[in-house]
Amino acid sequence: MAHPRPEVSIVVPVYGSEKILPHLVEQVEASMQRADVAGRFELILVNDASPDDSWNVIRDLAARFPFVRGVCLMRNFGQHNASMAGLNYARGEVVVIMDDDLQHPPQTVLQLVDAVRSGYDVCYTEYVGRQHAAWKKFGSWFNDRVASFLLNKPRGLYLSSFKALHRRVVREIVRYEGPYAYLDGLILDVTRRITSVPIPHQQRMEGTGNYNLRRSVSLWLKMATSFSVMPLRAASLAGATLAVIAALSLI
């Protein structure tokens, strides 16, 4: 059946959150009803080959709630690629990307949407009372400094995973065909009309976070090697320097 195009799409990559998903859907529905957007939004849950029963939970939720749509990936591709998959299915004029652990409050979704509707292409979030481990906070700080250098990121902009994008930005991002998607790098390639809003950062409702040190380093390397020419220039400079040293040694 043909459904009217929603005003807002919410994309959520899912991994290891079977117990959280029903609460997430209920809170999203309640917040959309309070904002008078009920019936004009969709929630796209992308199962990133979760090892638990998340996909069956998504199927049950899609059967119960008409605004829920499920996407199931054949293997684990990572958070950014799962988000890209969801963006390909999103139909809303404004598309919100958020985590599956309820650390991003659903009741703040419309703050991001309103910021995009006011004329910005992208709205990020600034976490108030951040509920992350110390090593992850340091990693975010380090990633922020590197992104400022490699991607020419605007100073003071935190590249959070909770963000809203205008449809025109989504159209450009989904054209990317490379194997290692880094959403924030793609966003910064498309637009600099970006703002941010402060939101409270909540405790994860169940379990532990899915990002460990290895995955964080892997994501940083993808950013450094896929969206900047700096590593190539550094390698070229090192090669030229070694060639000069070899020539001098030969002489």
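Residues numbered from 1 in each chain as written. Predicted model: local features only at pLDDT ≥ 70, side-chain atom pairs only at ≥ 80, totals over all residues. Heavy atoms only, no water.

Asker: Can you help me understand the environment of Gly 78 in this one?
Answerer: Along the chain, Gly 78 falls in the loop between β3 (68-72) and α3 (79-89). Sequence separation of Gly 78 and Ala 49 is 29 residues, and the distance between their C-alpha atoms is 9.3 Å. (Helix = DSSP H or I, 4+ residues; strand = E, 2+ residues; numbered from the N terminus.)

Asker: Would you mind showing me how to read the nonpolar core here?
Answerer: In a soluble, globular protein the nonpolar side chains are often hidden away together inside. Ranked by internal contacts, the top residues of the largest apolar core, which has 36 residues, are Ile 10, Leu 43, Leu 45 and Val 109. Every element with two or more residues in this core is listed here: β1 (8-14), α1 (21-34), β2 (41-47), α2 (54-64), β4 (94-97), α4 (109-117), β5 (122-128) and β7 (194-200). Listed in part, the 27 residues of the second largest apolar core include Ala 85, Val 95, Ala 181 and Leu 183. (Core = buried A, V, L, I, M, F, W, Y, C linked by side-chain atoms within 4.5 Å. Buried < 20%, exposed > 50% of the residue type's maximum accessible area, 1.4 Å probe, protein only.)

Asker: Just to check I follow, could you spell out the packing of α3 against helix α7 (residues 183-190) for this structure?
Answerer: The relative placement of two packed helices is expressed as an angle between their axes plus a distance between the axes. With their axes 10 Å apart at the nearest point, α3 and α7 run at an angle of 55 degrees to one another. Taken together, the axes of α3 and α7 are oblique relative to one another. Residue-level contacts link His 80, Ser 83, Met 84 and Leu 87 of α3 to Leu 183, Asp 184 and Leu 186 of α7. Looking at the contact of α3 with α7 residue by residue, the class counts come to four nonpolar, two polar and one charged. (Axes fitted to C-alpha atoms, helices over the stretch in contact; angles between N-to-C directions. Parallel < 35°, antiparallel > 145°, perpendicular 65-115°, else oblique. Contact = heavy atoms within 4.5 Å. Nonpolar A, V, L, I, M, F, W, Y, C, P; charged D, E, K, R; others polar.)

Asker: Help me understand the side chain of Glu 42 in this model?
Answerer: Within the fold, Glu 42 resides in strand β2. Once residues lying within four places of it in the same chain are set aside, the contact partners of Glu 42 are Pro 6, Val 8, Ser 9, Ile 10, Phe 67, Arg 69, Tyr 89, Ala 90, Arg 91 and Gly 92.

Asker: Would you mind going over the pattern of salt bridges with me for this structure?
Answerer: As a working rule, side chains carrying opposite charge can pair if their charged atoms are close by. Scanning all chains against the criterion turns up seven salt bridges. When the shortest N-O distance is used, the salt bridge between Glu 42 and Arg 91 registers 3.0 Å. On the criterion of sequence distance, the pair formed by Glu 42 in strand β2 and Arg 91 in the loop between α3 and β4 is long-range, its members being 49 residues apart. We classify Glu 42 as buried; its relative accessible area is 1%. Under the relative-accessibility criterion, Arg 91 is labelled partly exposed at 25%. A salt bridge links Arg 175 to Glu 172; the nearest nitrogen and oxygen atoms lie 3.0 Å apart. You can call Arg 175 exposed: its relative accessible area is 58%. The network of salt bridges with shared partners includes Glu 7, Arg 40 and Arg 117. (Salt bridge = Lys/Arg side-chain N within 4 Å of Asp/Glu carboxyl O.)

Asker: Is there a simple way to explain the pairing of β4 in this structure?
Answerer: One face of the sheet, then the other: side chains in a regular strand alternate in exactly this way. By the alternation rule, side chains of β4 split into Val 94 and Val 96 and Val 95 and Ile 97, which are all buried. Alignment of β1 against β4, held across four bridges, turns out to be parallel. Bridge pairing links Val 8 to Val 94 in β4. Pairing between β4 and strand β6 (residues 163-166): four bridges, direction antiparallel. Along β6, the bridge assignment pairs Val 96 with Ala 164. (Pairing = 2+ DSSP bridges.)

Asker: What's the story with a nonpolar patch on the surface in this structure? I'm lost.
Answerer: Taken together, the side chains of Val 244, Leu 248 and Ile 251 present a nonpolar region at the surface, about 380 Å² in accessible area. Turning to its location among the elements, Val 244 is positioned in helix α9 (residues 230-250). Taking the relative accessible area as the measure of exposure, Val 244 reaches 49% and is therefore partly exposed. (Patch = residues over 30% accessible without salt bridge, like charges linked within 9 Å, V, L, I, M, F, W, Y side chains within 5 Å. Areas by Shrake-Rupley, 256 points an atom, 1.4 Å probe, with all protein chains shown as cover.)

Asker: How do you make sense of the sheet that holds β5 when you look at a structure like this?
Answerer: Two pairing modes exist for strands in a sheet, parallel and antiparallel, and in both the strands are linked by backbone hydrogen bonds. The strand order β3-β2-β1-β4-β6-β5-β7 describes an open sheet built from seven strands, whose pairing is mixed. If you trace the sheet from one side to the other, it starts and ends with β3 and β7, each paired once. Direction aside, neighbouring strands of the sheet carry axes that sit 20 degrees apart on average. Here α1 sits on the sheet in contact with β1, β2 and β3, set at roughly 165 degrees to β2.

Asker: Which parts of the structure should I look at to understand the packing of aromatic side chains?
Answerer: Here the distance between the centres and the angle between the planes together describe a pair of aromatic rings. Under the criterion given, the structure shown has three aromatic pairs. Ring geometry for Phe 41 and Phe 67: centres 4.7 Å apart, planes at 35 degrees, overall tilted. Of this pair, Phe 41 sits in strand β2 while Phe 67 sits in the loop between α2 and β3, placing them 26 residues apart in sequence. By relative accessible area, Phe 67 is classed as buried at 10%. Following the ring pairs from residue to residue traces out a cluster consisting of Phe 41, Phe 65 and Phe 67. (Phe/Tyr/Trp six-rings, centres within 6.5 Å; stacked < 30°, edge-to-face > 60°.)

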